[in-house]
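Residues per chain are reported as follows:
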Amino acid sequence: MSTAPATARTRPGSARGGDTGLVVCLSFAALTGAIVAGLGSPIVFEVSKERDVAIPDAQWTLIVTLVVGVVGTPVLSRLADGRRRRQLLVGALLVVAAGSALALVPTFPSLLAARSFQGFGYAMVPLTVSIAREQLQGVVLARTLGVLSTSVAVGVGLGNPAIGLCVLVGGYPAAFGLAMVVAGSAAYWVWRRVPVSTHDVGEVRIDVPGALLLGAGLSATLLAVARGDLWGWSSPQVLGLGSGGALLLLAWVVLELRVAAPLVDLRLTCARGVLGVNVAAFLLGIGVFGGVTVVILVVQRPPETGLGLGHTVLVTGLLMLPMALASLFSPPFARAAEAAIGSRAVLSVGSFVVASSFGLFAVLHEAWWHVALMMLLMGIGIGVAYSVMPAIIVARTPAYRTASATGINQVLRLLGGAVGAAAAAAVLSAHTPPGAFHPDEAGYVAAALVSCAGAALAGLLAWVLLPPRPRG
């Protein structure tokens, strides 16, 4: 067993027995990344109006962030297996802050570029998890892992009211101005508070060809899915992008299985004990990211169009608070349940609760309390499911591969999210009458049911693929 983590835990300045300041700092960094990366969903409708683009086009402010997150997260996670974890976390936060500044340029292309930069915000979870595992131990480590893993949902839910207030006062650029200040502050705090790592595994190599193949293949495939109905599923553009993307992704898989230091360790991804949690992460990503976008569009759609609640971005953020609070407070109950019934059952139950939330929304979406109840259910499910994922992975992977293993799980969440967001855009586009600005009600219902199916399948496959572990 490597002695580097143990040495780090006993040296001065490390979190021996629990360091509240370090835990709060890491939590703030993870929440910052989640808030900034999650800016896309609540402003889709606003961007559509301000930049005069169709709603499916405006949804690319969410999709492009997820695509960059899919590629950037494993790169940073692999680098975090070395000694420069603090520097990587600071650098990622500064890139996010720079992206927020770029969003202040009042054009749609600059907004898409800015949201690309902000995709590095999704790398905060594996980066902070790797630092926490080196610096913390025992119960403090377990609690911190749960908080960091649910930070995406908590950050989105807690940040959206503030984002909504900014949009109400100064439009969506004001929200990016706030994000720039928060990300920059987080970078400064991490630099001052997080100890320098003493963990060293030697030279860390980056699979640059793998990153390029994954980014190109994923972008082409998602573009074909999202624009298929508009261009025609049998059009040369869709067939060319779809087949080209599939070939690039196939080449990426072959490359990853042959290189010594792959971007995504597919063997580790499919290893017994972690395959189930990784498949669940992908399918939950399809449900959560795609479904939340659909819910927000219904909440903000003007009721005079025959469907929608007509709420502002601020009210939308307030309606998401139940999700954030439930995600924040449910992990302790998940850990208690895990001790009683095992992690496999807890992950499955959490996934089915998420599925039930989108099933409920497909049936009930005419009043604000329908949305609040749906968000509460989703938050409970996310808090339960996501909080046990890092513990399952940490228990089944070597200490020196923690960043990569948790990074893979995060990548699969984002990959599922990108697929879910693109699928939602495709479904809504298919249900938008020619010349109309809004999809019809059946489109929203169908998209919600797609999210429901993704989360339900996550619960089923988590139970089937995860091996039972002895209790106690």
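Use the structure listed above.
Residues numbered from 1 in each chain as written. Predicted model: local features only at pLDDT ≥ 70, side-chain atom pairs only at ≥ 80, totals over all residues. Heavy atoms only, no water.

Enquirer: Help me understand unusual backbone geometry, please; the structure alone is not making it clear to me.
Expert: Among all residues save glycine, negative phi is the norm, and among peptide bonds the norm is trans. At Asp52, a residue that is not glycine, the phi angle is positive and equals roughly 55°. Residue placement: Asp52 occurs in the loop between helix H3 (40-50) and helix H4 (55-58). (Helix = DSSP H or I, 4+ residues; strand = E, 2+ residues; numbered from the N terminus.)

Enquirer: Looking at this structure, I do not really get the side chain of Gln300. What am I missing?
Expert: By the secondary structure assignment, Gln300 is in helix H15 (residues 275-300). On the basis of relative accessibility, which here comes to 5%, the residue Gln300 falls in the buried class. The contacts of Gln300, once residues within four sequence positions are left out, are Pro42, Phe45, Gly310, His311, Val313 and Thr316. (Buried < 20%, exposed > 50% of the residue type's maximum accessible area, 1.4 Å probe, protein only. Contact = heavy atoms within 4.5 Å.)

Enquirer: It is not clear to me how the nonpolar core should be interpreted in this structure. Could you clarify?
Expert: Side chains of a nonpolar character, in soluble globular proteins, are inclined to be buried together. In this structure, Leu89, Leu347 and Met378 are the most contacted members of the largest nonpolar core, which totals 132 residues. Beyond its immediate sequence surroundings of up to four residues, Met378 is in contact with Val292, Met323, Val354, Ser357 and Phe358. (Core = buried A, V, L, I, M, F, W, Y, C linked by side-chain atoms within 4.5 Å.)

Enquirer: Help me understand the packing of H15 against helix H19 (residues 343-363), please; the structure alone is not making it clear to me.
Expert: Between two packed helices, both the angle of their axes relative to each other and the distance between the axes serve to describe the pair. Where H15 meets H19, the closest approach of the two axes is 11 Å, and the angle between their N-to-C directions is 25°. Classified by the angle between their axes, H15 and H19 sit roughly parallel to one another. Considering only the axes of H15 and H19, their crossing is left-handed. Residue-level inspection shows Val277, Ala280, Leu284, Gly287, Val288, Gly291, Val292, Val294, Val295 and Val298 of H15 in contact with H19, the latter providing Leu347, Ser351, Val354, Phe358 and Phe361. Tallied by class, residues from the contact of H15 with H19 come to twelve nonpolar, three polar and no charged. (Axes fitted to C-alpha atoms, helices over the stretch in contact; angles between N-to-C directions. Parallel < 35°, antiparallel > 145°, perpendicular 65-115°, else oblique. Left-handed = near helix turned anticlockwise from the far one by under 90°. Nonpolar A, V, L, I, M, F, W, Y, C, P; charged D, E, K, R; others polar.)

Enquirer: Help me understand a nonpolar patch on the surface in this model?
Expert: A cluster of nonpolar side chains, namely Phe352, Leu457, Leu460, Trp463, Val464 and Leu465, defines an oily patch on the protein surface of about 550 Å² accessible area. Tallying contributions element by element places helix H22 (residues 441-465) first for the nonpolar patch, with five residues. Along the polypeptide, Val464 turns up in helix H22. (Patch = residues over 30% accessible without salt bridge, like charges linked within 9 Å, V, L, I, M, F, W, Y side chains within 5 Å. Areas by Shrake-Rupley, 256 points an atom, 1.4 Å probe, with all protein chains shown as cover. Salt bridge = Lys/Arg side-chain N within 4 Å of Asp/Glu carboxyl O.)

Enquirer: Any chance you could explain the packing of H15 against H22 here in plain terms?
Expert: One way to put it is that H15 packs onto H22 with a least axis distance of 8 Å and a crossing angle of 160°. By the criterion of interaxial angle, the relationship of H15 to H22 is roughly antiparallel. Crossing geometry of H15 relative to H22 is assigned as left-handed. Grouping the amino acids of the contact of H15 with H22 by side-chain chemistry returns 17 nonpolar, six polar and no charged.

Enquirer: I tried to follow the environment of Phe176 on my own but got confused; where do I start?
Expert: Locating Phe176 in the fold gives a position in helix H11 (residues 172-193). Sequence spacing of Phe176 and Gly99 is 77 residues, and the spatial spacing of their C-alpha atoms is 8.6 Å. Apart from residues lying up to four places away in sequence, Phe176 is in contact with Leu39, Ile43, Ser100, Ala103, Leu104, Leu111, Arg115 and Gln118.

Enquirer: How should I be thinking about the side chain of Arg86 in this particular structure?
Expert: When you line up the elements, Arg86 lands in helix H6 (residues 85-102). Of the side chains with opposite charge, Glu134 comes closest to the buried, unpaired Arg86, at an N-O distance of 10 Å. For Arg86, the residues in contact, after removing those within four places along its chain, are Ile131, Val190, Trp191, Val194, Pro195 and Val196. (Lys, Arg positive; Asp, Glu negative; His and termini not counted.)

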